[in-house]
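Fold and contact review
Listed below are the residues making up each chain.
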Amino acid sequence: MWNTSGKEDNLVKDLKETTLTFEKLGERYGVSRQAIHDFCKRHGIKRSKRPREHQAEVCRLCQKLIQISKKPHSEFISIHTIVKETGESRGECHYHLRRLRIKGLVNKKFGRLLSKRLEKAYAIYFTKRLPVSTIGRKVGLKNFHELIQRHREKGYHVPSPLYVYDGRERSRVQKEFHRRERR
Ligand SMILES: [Zn+2]
């Protein structure tokens with residue numbers, strides 16, 4: 001099977017110098033995976049270890065992160081809370097989050113919120129029927145309105161407030177916005 005000139009040498013080389021699987025090598029040489037395995041054994045070739053690829057399916061931290069990301073409005077869960085809930089370090093969380101985002105296993109915005117205060121403000125915003133300015137005051141954020149706008153512009157999904165503004169308040173809020181825009 002391996003008598004074609006040079007074929008055997010090439011396979012030895014591939015086995016020694018690459019980390020391609022037996023399966024891939026089988027495809028390359030037009031033989032079965034098993035044939036490559038046997039060849040490798042017969043020639044006593046020691047293969048270099050493949051660097052273990054990160055597998056989200058079996059990574060405990062990734063699974064935990066995915067679980068958190070499925071909560072409602074998870075884009076607004078701050079990194080502090082995520083770190084706390086996973087019990088891992090921040091660096092570790094960032095590393096796995098990056099991988100999950102690339103693979104599309106979590107929302108691209110998940111794990112990017114840095115401010116605890118803003119997280120608190122949003123938690124109130126999503127559950128309580130209160131004016132935005134009141135929420136801002138409660139948590140000590142003067143510009144909560146502006147931050148909501150900025151998040152919307154960045155593509156975060158911020159639903160309308162539960163609080164319904166009456167006519168007078170609405171015009172006051174709009175005026176406030178215009179004033180800010182002109183600045
Ligand atoms: Zn992971």
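Before reading on, note that the structure itself is shown above.
These lines cover the structure that appears in this document, whether it is placed above or below. (Residues numbered from 1 in each chain as written. Predicted model: local features only at pLDDT ≥ 70, side-chain atom pairs only at ≥ 80, totals over all residues.)

Looking at the packing of helix α8 (residues 132-139) against helix α9 (residues 144-153)
Two quantities define a packed helix pair, namely the angle between the helix axes and the distance between the axes. Heads up, the rule is: Lines are fitted to the C-alpha atoms to define the axes, a helix being fitted only along its stretch in contact, and any angle between axes, read from their N-to-C directions, falls within 0 to 180 degrees. Helix and strand labels come from DSSP, where a helix needs a run of H or I of at least four residues and a strand needs a run of E of at least two; each type is numbered from the N terminus. Under this scheme an angle from 65 to 115 degrees is roughly perpendicular, one under 35 degrees roughly parallel, and one over 145 degrees roughly antiparallel; angles in between are oblique. We call two residues in contact when their backbone-placed C-beta atoms lie within 7 Å.
Two elements in contact, α8 and α9, have axes whose closest approach is 8 Å; the angle formed by their N-to-C orientations is 110°. One way to sum up the angle between α8 and α9 is to call them roughly perpendicular. Facing α8, whose interface residues are Val132, Ile135 and Gly136, α9 presents Phe144, His145 and Ile148.

Things to note about the environment of glutamine 34
We count it as follows: Exposure is read from a count of other C-beta atoms within 10 Å of each residue's own; the residue is exposed at 12 or fewer, buried at 20 or more and partly exposed in between. C-beta atoms are placed from the backbone.
Topologically, glutamine 34 is positioned in helix α3 (residues 33-42). Judged by the 10 C-beta atoms lying within 10 Å of it, glutamine 34 is exposed. Separated by eleven residues in the primary sequence, glutamine 34 and glutamate 23 have C-alpha atoms spaced 8.3 Å apart.

Topic: the nonpolar core
Keep this limit in mind: We define the nonpolar core as any set of buried residues of the types Ala, Val, Leu, Ile, Met, Phe, Trp, Tyr and Cys, connected via C-beta atoms lying within 7 Å of each other. Annotation comment: domain bounds sourced from an automatic or database domain assignment.
Formed by 18 residues in total, the largest nonpolar core has its most connected members in Leu65, Leu97, Leu100, Val106, Ala121, Ile135 and Phe144. Elements supplying a minimum of two residues to this core: α4 (60-69), α6 (90-102), α7 (116-127), α8 and α9. A domain-level breakdown of this core finds at least three residues from each of domain 2 (52-114) and domain 3 (116-182). If we skip the residues at most four places from it in the chain, isoleucine 135 touches Ala121, Ile124, Tyr125, Leu130 and Phe144. Core analysis: the second largest hydrophobic core is formed by five residues, Leu15, Leu25, Ile36 and Phe39 among them.

A short note on α4
Stated formally: The directions considered for the arc are those from the helix axis to the C-beta atoms.
All buried positions along α4 are accounted for by Cys62, Leu65 and Ser69. With its buried residues spanning 60° around the axis, α4 presents them on a single face. Seen from the buried face of α4, the exposed residues on the opposite side, beyond 90 degrees, are Arg60 and Gln67. Looking at the buried side of α4, the elements it contacts are α5 (79-86) and α6.

Examining the environment of glutamate 85
Mapped onto the fold, glutamate 85 is located in helix α5. When the C-alpha atoms of glutamate 85 and leucine 65 are compared, they prove to be 9.0 Å apart, with 20 residues separating the residues in sequence.

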